[in-house]
Every structure is written in structure tokens, then in C-alpha cells.
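Structural description and commentary
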Amino acid sequence: MSNPYTGQLAALGAAGLWAFTALSIEGAARRIGSLTVNLVRLAFAFAFLAAVGLAFRGHPLPTDATPHNWAWLTASGLVGFTFGDLCLYRAYLVLGPRLSSLMMALVPPMTALAGWLALGETLALRDLIGMTLTVTGIGWAILDRTRRSETRLEHRVTPAGVALGFGGALGQAGGLILSKIGMAGYNAFAATQVRVIAGFAGYSLLFFALRWWPNVRAGLRDRTALGFAALGAFFGPFLAVSLSLIAIRETAAGVAASIMALTPVLIIPLVVVLRGERVGIGGVAGALVAVAGVALLFL
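Read on for a plain summary of the structure. (Residues numbered from 1 in each chain as written. Predicted model: local features only at pLDDT ≥ 70, side-chain atom pairs only at ≥ 80, totals over all residues. Heavy atoms only, no water.)

Overview of the overall build of the chain
Scanning the chain for helices and strands turns up 13 helices and zero strands. Put simply, the chain runs from its N terminus to its C terminus through helices and strands in the order α-α-α-α-α-α-α-α-α-α-α-α-α. The globule rule puts the C-alpha radius of gyration for 299 residues at 19 Å, and the 18 Å found for the chain is close to it. When the backbone C-alpha atoms are referred to their principal axes, the chain occupies close to 50 × 50 × 35 Å. In the chain, buried positions account for 49% of the 299 residues. Taking all contacts inside the chain whose residues are at least 6 apart in sequence as the whole, residues at least 24 apart take part in 90%. Summing over all exposed atoms, the chain offers an accessible surface of approximately 13,900 Å²; the carbon and sulfur share of this is 69%. If you average the places of the 21 positive and of the 11 negative side-chain charges in the chain, the two averages end up 7 Å apart. (Helix = DSSP H or I, 4+ residues; strand = E, 2+ residues; numbered from the N terminus. Rg over C-alpha atoms; globule rule 2.2 N^0.38 Å. Buried < 20%, exposed > 50% of the residue type's maximum accessible area, 1.4 Å probe, protein only. Contact = heavy atoms within 4.5 Å. Areas by Shrake-Rupley, 256 points an atom, 1.4 Å probe, with all protein chains shown as cover. Lys, Arg positive; Asp, Glu negative; His and termini not counted. Charge placed at Lys NZ, Arg CZ, Asp CG, Glu CD.)

Structure below.
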């Protein structure tokens, strides 16, 4: 008998892994830039997924994917990995970390709405209350932490910045829904590999347009950055993304997205232990509210 909480547990696992991913990718991005890291981490993730595919399915590549799988999962990779991440990282520069992270709290309601429109998914009142508490708590914790850690540099709220933040949230939500459509019973790790291939292709074309490849070659000479990127790829595009696909397959996309949005809250104890950061009352209160919301989503 299958576990009725498989989807929720997979989503919680993905959120925890993304917390480790964020710290690893940050270490690499500080050395070689976020654009280069995004491409490199996808290359590492592809290698990890190929090894798992060969070991457990006998297919190092997703050659058994149907045209339906390829079409929808390719779209998901381009929307999520390429468009969504590009918008998010640009929003960090234009809006600053606080508002950009806060706008990503829009992902759960946007995913729930898209799931209802595209898949006919409906949520019970308990789920809606749980989502609301989770998103509210996450926003509270983000505002408290970034207010304490952000520099004095002022970031103006501009229409372009808001559009970039919205685009980042839309990319994440759209990527989840497109993945749920595209999986259609297909293996989650192989489906992730299709998404990774599409995301890598998207970044490659962008780098040709931006003439960014010399920066990539320079970044590949930084072994420390490559180590951070490999670690981030293992926890993120390899494990966390695969778990996120299991989550949306086993439960409503809006519920899965709400639990996976816990990453900023789960990062808090890591930065306290690893970096000695202090957490204010608002951060603790927000985390408790978010956890209460997630508890409702498990009932």
C-alpha cells in the first residue's frame, strides 16, 4: 500500500535539499557569476542523472521518453530553468534580495491557479488555509532575515523589477505545471533529465547571443567554484528537482509548491549554524506560522 503522504514528503525533501543547494550555488556564483553557474550546474546534473538512469533503468539517456514527454518536459525546462531563473537572478539585482524573495512567495498561489486552469485540480478549504499560513509565514521570515542582512544599498521598486520578479515566480509555477502534464507516468529522474537538457540548450543559445562563452571558459578554470557547483547540482537539479516531480505527481501542484516554498525558512537554521547569523523574533514567528501551514497540508 502506497504512503498517502508521498507527495508531501517528497516536497518537504525537495525544500530541504534546495536549502543546501542555495548555499552551495551562492558559493560558486560569488566566484564565477550566476549565469555561468546556472549552465555548469545543469551539466553536472545531467551527468548525475545519466549515471542513475544507467544504474537503475538501463538507460543513461531518456531515449524511452515519448514525443508527449519530450514536448511538454522540454517546454518545462525552458520555462523553469531558463526563463524563470534568468528573471529571478536579474530581479535580485534590480529589486534586491528582500523583494525578489518575497515575490517568489507568489509561486504557490500561482501554481494552484494554474493547476486548476490546466489540470482541473481543486483544493479543500483545509489546503487553502494551509497554503495561506505557509505563504504568510514564509514572507514574514524572509522580510525579517533580509532586513537584517541586506546592505544599505537602496533598490528602487520599478515596473521592470516587478516584472522580473513576477516572471521568476511565473517561470517556477509554469515549470511545475508543464512538468506534471509532461510526465504522464514517466520516471521522475528521466523526466528531470529531459528538463535539464532543455534548460542547458536554452542557456547555450542565450550565451551565444550574449557572447558569454569566454566567461564560461574562465569559470571552468576555478576548481573551487566547480566543486561548489557540483555540490549544488547534486542537491538541486539532480535530487531536489526529481523529488519535486514526484511531489506534483502524487499530490495537487499547489500543495506541493506550498511545501517546497519552505526553502527560505529551512535555510535559517543552516545560516545560524554555519555563518553565525542571528535570527530575530519575526524570523522565528514566521517560521512557526509556515510550519503550522505545512502541518495542515499533511492532514
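From this point on, the discussion continues.
Considering the packing of aromatic side chains
By the definition in use, this model includes eleven aromatic pairs. Centre to centre, the rings of Phe207 and Trp212 are 6.4 Å apart; their planes meet at 40°, and the pair counts as tilted. Judged by relative accessible area, which is 0%, Phe207 ranks as buried. Given the relative accessible area of 25%, Trp212 is considered partly exposed. (Phe/Tyr/Trp six-rings, centres within 6.5 Å; stacked < 30°, edge-to-face > 60°.)

Some remarks on the nonpolar core
Judged by nonpolar contacts, the single largest core of 40 residues is most densely connected at Ile138, Ile259, Met260, Leu262 and Val265. Secondary structure elements with two or more residues in this core: helix 1 (6-32), helix 6 (125-149), helix 7 (159-183), helix 8 (188-210), helix 10 (223-250), helix 11 (253-260), helix 12 (263-275) and helix 13 (281-298). For this core, the element with the highest residue contribution is helix 10, accounting for six residues. The contacts of Ile138, once residues within four sequence positions are left out, are Ser258, Ala261, Leu262, Pro264, Val265, Gly286 and Ala290. Membership of the second largest hydrophobic core comes to 13 residues, among which are Phe81, Tyr203, Ala233 and Val241. (Core = buried A, V, L, I, M, F, W, Y, C linked by side-chain atoms within 4.5 Å.)

Quick notes on the packing of helix 2 (residues 34-56) against helix 8
Contact geometry of helix 2 with helix 8 gives a least axis separation of 9 Å together with a crossing angle of 150°. With respect to helix 8, the element helix 2 is oriented roughly antiparallel. Here the hand of the crossing between helix 2 and helix 8 comes out left-handed. Taken together, the residues of helix 8 that come into contact with helix 2 (itself represented by Leu35, Thr36, Asn38, Leu39, Leu42, Ala43, Ala45, Phe46, Leu49 and Ala50) are Phe189, Thr192, Gln193, Val196, Ile197, Gly199, Phe200, Tyr203, Ser204, Phe207 and Leu210. Among the residues making up the contact of helix 2 with helix 8, the classes are represented as 15 nonpolar, six polar and no charged. (Axes fitted to C-alpha atoms, helices over the stretch in contact; angles between N-to-C directions. Parallel < 35°, antiparallel > 145°, perpendicular 65-115°, else oblique. Left-handed = near helix turned anticlockwise from the far one by under 90°. Nonpolar A, V, L, I, M, F, W, Y, C, P; charged D, E, K, R; others polar.)

Details of the environment of Leu243
The residue Leu243 is located in helix 10 in this model. As a C-alpha pair, Leu243 and Ala15 span 228 residues in sequence and 9.3 Å in three-dimensional space. In contact with Leu243, other than residues within four places in its own chain, are Ala10, Gly13, Ala14 and Leu17.

What about helix 5 (residues 107-119)?
Taking 1.5 Å per residue as the helical rise, helix 5 with its 13 residues ought to reach 18 Å, and the 17 Å between its terminal C-alpha atoms agrees with that figure. Residues of helix 5 that are buried include every one of Val107, Pro108, Met110, Thr111, Ala112 and Gly115, and no others. Looking one or two residues beyond helix 5, the residue adopting positive phi is Gly120, at roughly 70°. (Expected span 1.5 Å × (residues − 1).)

Things to note about the packing of helix 5 against helix 11
The relative placement of two packed helices comes down to the angle between their axes together with the axis-to-axis distance. Closest axis-to-axis distance for the helix 5/helix 11 pair is 8 Å, and the angle between their directions is 170°. One way to sum up the angle between helix 5 and helix 11 is to call them roughly antiparallel. Of the residues in helix 11, those in contact with Pro108, Thr111 and Ala112 of helix 5 are Ala253, Gly254, Ala257 and Ser258. Residue composition of the contact of helix 5 with helix 11, by class: four nonpolar, three polar and no charged.

A few points about helix 1
Between the first and last C-alpha of helix 1 there are 37 Å, a value that for 27 residues agrees with the 39 Å anticipated at 1.5 Å per step. Of the residues flanking the end of helix 1, it is Gly33, one or two places downstream, whose phi is positive at about 95°.

A look at a nonpolar patch on the surface
Together, Val272, Val273, Leu274, Val279, Val284 and Leu288 line one region of the surface with nonpolar side chains, adding up to about 560 Å² of accessible area. Among the secondary structure elements, those contributing two or more residues to the nonpolar patch are helix 12 and helix 13. Here the element with the most residues in the nonpolar patch is helix 12; it accounts for three residues. The residue Val273 is located in helix 12 in this model. (Patch = residues over 30% accessible without salt bridge, like charges linked within 9 Å, V, L, I, M, F, W, Y side chains within 5 Å. Salt bridge = Lys/Arg side-chain N within 4 Å of Asp/Glu carboxyl O.)

Description of the environment of Gly130
Position of Gly130 relative to the elements: it lies in helix 6. The exposure class of Gly130 is buried, given its relative accessible area of 0%. Put simply, Gly130 and Gly167 are 37 residues apart on the chain and 25 Å apart in space, counted from C-alpha to C-alpha. Discounting chain neighbours no more than four positions away, the residues touching Gly130 are Gly293, Leu296 and Leu297.

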